[in-house]
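# A closer look at the structure
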Amino acid sequence: MKNSMKRLATLVILTIMTFSFTTAQENRKEINEGNSKVVWKGYKVTGSHEGTISIKSGHLNFDKGKLTGGSFEIDMPTITVTDLEGENKGNLEGHLKSDDFFGVAKFPSASLSFTNVKSTGKNSYKVIGDITIKGTTETVSFNLSVYGNKANVSLKLDRTKFDVRYGSTSFFDGLKDKAIYDEFDLIADLEF
């Protein structure tokens with residue numbers, strides 16, 4: 001009788017552990033970096049520039065089909081410019097990677113971790129998270145949509161909060177048509 005009870009208890013514990021482990025794994029959806037895309041767009045008095053940046057790693061968490069969390073790491077040295085060609089493209093990419101902007105030699109990655117996720121309707125969520133750029137962490141809020149194995153998010157960030165002040169009228173006077181606006185956009189199309 002004692003052996004039967006011990007076996008039954010062991011079986012129950014193993015079943016619970018297996019179920020818990022399997023459920024946790026099934027709810028974590030790894031981002032397919034090759035099929036996902038992050039586009040940035042920055043604005044200046046005389047126009048705008050845009051480009052892409054690669055996701056190093058990331059995942060979204062789900063519980064019963066509902067988004068519950070997630071985190072991402074961005075590969076900062078991969079920042080590219082897509083609206084210029086030749087020398088102008090190379091010059092701007094080099095400048096964006098320099099200490100004037102994102103200092104990718106010292107800060108090769110940026111990250112975003114969800115701290116709160118609230119459903120706002122079918123397939124749509126309001127997310128609050130901590131984003132770290134150049135070693136500085138700020139709380140951000142944004143909307144995220146999920147459809148099947150894809151998600152879309154759009155963020156507007158103030159670069160000066162991350163010590164990216166080059167060309168900012170918030171810190172420098174007399175820039176005139178050389179001024180660069182503080183806010184920039186990040187748009188991510190994710191596949192998992």
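Above: the structure in question.
Residues numbered from 1 in each chain as written. Predicted model: local features only at pLDDT ≥ 70, side-chain atom pairs only at ≥ 80, totals over all residues. Heavy atoms only, no water.

This next bit is on helix 2 (residues 86-97). With 12 residues, helix 2 ought to run about 16 Å at 1.5 Å a step, and its terminal C-alpha atoms sit 17 Å apart, in line with that. Residues of helix 2 that are buried in the fold lie against strand 2 (37-44), strand 3 (47-63) and strand 4 (66-81). (Helix = DSSP H or I, 4+ residues; strand = E, 2+ residues; numbered from the N terminus. Expected span 1.5 Å × (residues − 1). Contact = heavy atoms within 4.5 Å.)

A word on the packing of aromatic side chains. For the structure shown, the criterion picks out six aromatic pairs. Ring geometry for F72 and F114: centres 6.0 Å apart, planes at 50°, overall tilted. Pair noted here: F72 is in strand 4 and F114 is in strand 5 (residues 109-121), with a separation of 42 residues, a long-range link. Since its relative accessible area comes to 10%, F72 is described here as buried. Classification of F114 as buried rests on a relative accessible area of 11%. Put simply, the rings of F101, F102, Y166 and F184 touch in pairs and so form one group of aromatic residues. (Phe/Tyr/Trp six-rings, centres within 6.5 Å; stacked < 30°, edge-to-face > 60°. Buried < 20%, exposed > 50% of the residue type's maximum accessible area, 1.4 Å probe, protein only.)

With that settled, the discussion passes to the environment of G58. As for its placement among the helices and strands, G58 is situated in strand 3. C-alpha of G58 to C-alpha of F192: the two residues are 134 residues apart in sequence and 9.3 Å apart in space. Those residues in contact with G58 that lie beyond four places of it in its chain are K29, E30, I31, E33, S71 and F72.

For the rest of this paragraph, the subject is the environment of I74. Note that I74 resides in strand 4. For I74, a relative accessible area of 17% corresponds to the buried category. Each C-alpha atom of the pair I74 and K56 lies 5.2 Å from the other, and the pair is 18 residues apart in sequence.

Before going further, it helps to spend a moment on the layout of surface pockets. Of the pockets and cavities examined, the largest pocket occupies roughly 900 Å³. Forming the boundary of the largest pocket are 46 residues, of which W40, G42, L96, F102 and F184 lie nearest the centre. (1 Å grid on protein atoms, 1.4 Å probe; cavity = no way out; pocket = protein on both sides within 12 Å on 5 of 7 lines; lining within 4 Å. Points joined across faces, edges and corners; volume = space filled by probe spheres on them.)

Let's shift gears to the side chain of H49. Tracing the sequence through the fold places H49 in strand 3. Overall, the relative accessible area of 17% leaves H49 in the buried class. Ignoring sequence-local partners within four residues, the contact set of H49 consists of W40, K41, G42, K44, D83, L84 and L92.

On to the side chain of K134. With respect to the secondary-structure elements, K134 resides in the loop between strand 6 (124-133) and strand 7 (136-147). Lacking a salt bridge, the buried K134 has D163 as its closest oppositely charged neighbour, with an N-O distance of 4.5 Å. Engagement of the side chain of K134 in a polar contact is seen with the backbone oxygen of D99, the distance being 3.4 Å. Engagement of the side chain of K134 in a polar contact is seen with the backbone oxygen of F101, the distance being 3.0 Å. (Lys, Arg positive; Asp, Glu negative; His and termini not counted. Salt bridge = Lys/Arg side-chain N within 4 Å of Asp/Glu carboxyl O. Polar contact = N/O pair within 3.5 Å; in protein donor to acceptor, adjacent residues only side chain to side chain.)

Let us now look at the nonpolar core. Ranked by size, the top nonpolar core spans 40 residues in total, and within it L60, F102, F114, F142 and L144 carry the most contacts. If one sorts the elements of this core by residue count, strand 4 sits on top with six residues. Contacts of F142, omitting those with residues within four sequence positions, involve L112, F114, Y125, K126, V127, V153, S154 and L155. (Core = buried A, V, L, I, M, F, W, Y, C linked by side-chain atoms within 4.5 Å.)

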